[in-house]
Amino acid sequence: MAPPRTNGAVDLIIRNASILDGTGREAVAGDVAVTGDRITSVGTLPADAQGPSTITIDAGGHCLAPGFVDVHTHDDGALLRYPGMEFKLSQGCTSLVIGNCGFSAAPAQLGEADPSGLIGVEPTWTDLEGFRRAVEAAHPSVNAMALVGHNSIRTLVMGEERREPTDDELARMRRHVALAMEQGACGFSTGLIYRPGRWARTDEVIELTREAAAAGGLYATHMRNEGDHLLAAVDEAIHIGRTAGLPVQISHHKSAGRRNWGRIGESLAKVDAANAAGADVTLDVYPYTAGSGPMAQYFDVDNVDPELAEVIRFASCPAIPDYEGRMAVDIAVEENTSAAAIIEKVLRSPKGDRTVCIQFIIDETDVEENLRHPLMMVGSDGIPDLKGRPHPRLFGTFPKVLSHYVRDRHILSLSEAVRRMTSLSCDRFGLVDRGRIAEGQFADLVLFDPVTVADTATYDDPKREAVGIEAVIVNGAIAFGARPDGSVGHTGAGAGRFLRYRS
Ligand code: ZN
Ligand code: CU
């Protein structure tokens, strides 16, 4: 640890902490001083290190870690709709990667709502620079790093056309990727399971990914298949990375569908083999056995898959709000019909295409095997639709890893879990000078009690903040912690920044 150095003018001192520095090293007792937006010293600070205006936090021996990075979010629009980002801040998150699964707020057409419904804000921008200005004006409480999404670009250029792009269309799509990279995106994302991405052949993806590669960025993918054809989809992702010449991030790695449970190890072995042969593939996972997303994307309304229908629960359902929080199978019993018929009814109703569902498709042992992998980051994949009953991962992801998988199940150590939520993520997604507790790093910090930290959000009651998170500091400002009235919670500090890749 660096020898302590203070100039007597520090703004904030956190004393008596068990410091997890984000590198995976075991905790070390010490103090951390912050001046402005940076960490200015780490170690045992003298009693007179603080000046009269210094804020002092006594950590009481609890854990101080770099702020957590949610590498898989759909919070593009949420940064504008809910700039307080309470559901992420309360988990200890200080930075988010947005634009995942091929859906990004930019580029966009002025005033044209995104067809996915995932962004949920009418754009007042056309490119990433314009979106950046809109976000900065909203003063969000957390930092954001953007991916540019294939589905968004393809929709902009080709609408819902189920065909290959013409040369001209491909060139226009390439320019959108290149412009976003120039404007600070960290990479290109796909959602090849979704419309319109699923109509793209591998070659189209490679051509667009080349623009991210040229700017030194990465390729993040919701792969073409996560179930029966998972291994072929992993091959495609690795092939795209190798051909375009850039690192690959496999999003929300899973082996979906009961008949594929217990098989995540085969997919991880493929990743390991590729990396041993010179590829550069990393992954992320959310710590739950259910996924969630726009229901219209998972079903063919003319031919609803009865097996999938059986494991569907409604998160938000503007068509029939009474269905929110309920399993399709339970509704079917009540209405004397099948789960598939319920799904079809909702999808054919006005606003049915705005349904967000939760699907119980993942095996618990696969979640644990994922979390054991040293290249596995944590990403919530939360859908920030607070009107219904969202998947509990929106509020619970990071505390759940720390409580259930670290403390109760011993799947990974605390210092390793913190590494995979901080330095590994920042290095991968190009968040410079973040993800570690060290002199000169940005002061993005989370203080938590390792004994009590826990998620409290459940499928029935999902909008509950975690317990045991005691303070969250973003760019040196206390965004969550002790308030003037003595209570602990959100302070309203909007110190988040829209980050640029590797700068
Ligand atoms: Zn996805
Ligand atoms: Cu996603």
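The rules behind these values
- Residues numbered from 1 in each chain as written.
- Chains lettered and ligands numbered in written order.
- Predicted model: local features only at pLDDT ≥ 70, side-chain atom pairs only at ≥ 80, totals over all residues.
- Heavy atoms only, no water.
- Axes fitted to C-alpha atoms, helices over the stretch in contact; angles between N-to-C directions.
- Helix = DSSP H or I, 4+ residues; strand = E, 2+ residues; numbered from the N terminus.
- Parallel < 35°, antiparallel > 145°, perpendicular 65-115°, else oblique.
- Left-handed = near helix turned anticlockwise from the far one by under 90°.
- Contact = heavy atoms within 4.5 Å.
- Nonpolar A, V, L, I, M, F, W, Y, C, P; charged D, E, K, R; others polar.
- Pairing = 2+ DSSP bridges.
- Salt bridge = Lys/Arg side-chain N within 4 Å of Asp/Glu carboxyl O.
- Buried < 20%, exposed > 50% of the residue type's maximum accessible area, 1.4 Å probe, protein only.
- Donors = N, O, S within 2.8 Å, 3.2 Å for Na, K, Ca; no water.
- Tetrahedral: all angles 85-135°; square planar, octahedral: opposite > 155°, others 65-115°.
- Polar contact = N/O pair within 3.5 Å; in protein donor to acceptor, adjacent residues only side chain to side chain.
- 1 Å grid on protein atoms, 1.4 Å probe; cavity = no way out; pocket = protein on both sides within 12 Å on 5 of 7 lines; lining within 4 Å.
- Points joined across faces, edges and corners; volume = space filled by probe spheres on them.
- Phe/Tyr/Trp six-rings, centres within 6.5 Å; stacked < 30°, edge-to-face > 60°.
- Lys NZ or Arg CZ within 6 Å of the ring centre and 35° of its normal.

Chemist: Got a sec to walk through the packing of helix α7 (residues 230-244) against helix α8 (residues 264-276)? Specific residues and values, please.
Modeler: The description of two packed helices rests on the angle between their axes and on the distance between the axes. Orientation of α7 relative to α8, taken along the N-to-C sense of each, is 20 degrees, at an axis distance of 10 Å. Between α7 and α8, the interaxial angle falls into the category roughly parallel. When you trace α7 past α8, the crossing you get is right-handed. Here α7 contributes L230, L231, V234, D235 and I238 to the contact with α8, which in turn contributes I264, E266, S267, K270, V271 and A274. Its residues assigned to classes, the contact of α7 with α8 shows seven nonpolar, one polar and three charged.

Chemist: I'd like a description of the sheet that holds strand β8 (residues 143-149), backed by residues and values.
Modeler: Strand pairing in a sheet takes place through backbone hydrogen bonds and is either antiparallel or parallel in direction. Here eight strands make up an open sheet; going across it, the order is β6-β7-β8-β9-β10-β11-β12-β16 and the pairing parallel. A single partner strand is all that each edge strand has here, and the edge strands are β6 (68-70) and β16 (376-378). The average undirected angle you get between the axes of adjacent strands in this sheet is 30 degrees. When β6 meets strand β7 (residues 93-98), the two strands line up parallel, connected through three bridges. Bridged to F68 within β7 is C93. The strands touched by α8 are β11 (248-250), β12 (281-285) and β16; relative to β12, the strand with the most contacts, the crossing angle is about 150 degrees.

Chemist: Help me get a handle on the pattern of salt bridges, residues and values and all.
Modeler: This structure, assessed with the given rule, holds 36 salt bridges. The salt bridge partner of E161 is R163, with a shortest N-O separation of 3.4 Å. Residue E161 is classed as partly exposed on the basis of its relative accessible area of 38%. R163 sits in the partly exposed class, given a relative accessible area of 32%. With a closest N to O distance of 3.2 Å, E207 and R210 form a salt bridge. Here the residue E207 and the residue R210 both occupy positions in helix α6 (residues 202-214), the gap between them amounting to three residues, near one helical turn. Judged by its relative accessible area of 23%, E207 is partly exposed. What emerges from the salt-bridge pattern is a single network uniting R174, E207, R210 and E211.

Chemist: Account for the coordination of the copper ion (ligand 2), naming residues and giving values.
Modeler: The coordination sphere of the copper ion (ligand 2) contains the protein donors H72 (NE2), H74 (NE2), C101 (SG) and D381 (OD), at a distance range of 2.1 to 2.3 Å. Around the copper ion (ligand 2) sit four donor atoms, and with donor-metal-donor angles ranging over 82 to 166 degrees the site reads as irregular. Along the chain, the residues donating to the copper ion (ligand 2) fall in the pattern H-x1-H-x26-C-x279-D. The two metals, the copper ion (ligand 2) and the zinc ion (ligand 1), are separated by 2.9 Å and share C101 as a common coordinating residue.

Chemist: Which residues make up the side chain of T221, and what are the values?
Modeler: For T221, the location among the structural elements is in strand β10 (residues 218-222). Since its relative accessible area comes to 1%, T221 is described here as buried. In this structure the side chain of T221 is engaged in a polar contact, spanning 2.9 Å, whose partner is the side chain of T190. Those residues in contact with T221, other than ones at most four positions away along the chain, are T190, L192, A237, V248, Q249, I250 and S251.

Chemist: Break down empty space enclosed by the protein for me, with residues and values.
Modeler: Which parts of space are left empty comes out when a probe the size of a water molecule is rolled across the atoms. Summed over all chains, the structure comprises three cavities of 30 Å³ or more. In this model, the largest cavity occupies a volume close to 40 Å³. If you go around the largest cavity, the residues you meet are H252, H253, K254, V285, Y286, Y288, I362, V367 and N370. Class assignment of the residues belonging to the lining of the largest cavity gives a composition of five nonpolar, three polar and one charged.

Chemist: So, the pairing of strand β5 (residues 63-66): which residues are in play, and what are the values?
Modeler: Working note: regular strand, side chains alternate between the two faces of the sheet. Summarising the sheet, strand β1 (residues 10-19) and β5 pair through two bridges and their orientation is parallel. Paired with S18 across the bridge in β5 is C63.

Chemist: Which residues make up the packing of aromatic side chains, and what values go with them?
Modeler: In total, this model carries eleven aromatic pairs according to the counting rule given. Taking the centre distance of 6.1 Å and the plane angle of 80 degrees together, the rings of Y82 and F87 count as edge-to-face. Where F314 meets Y323, the ring centres are 5.5 Å apart and the plane angle is 35 degrees; that geometry is what we call tilted. Y323 shares its class with F314; the two are buried. Joined through ring pairs, the aromatic side chains of F68, F398 and F448 make up one cluster. Sitting over the face of the ring of F442, R434 holds its NZ or CZ atom 3.9 Å from the ring centroid.

The values are spatial; any link to function lies outside them.
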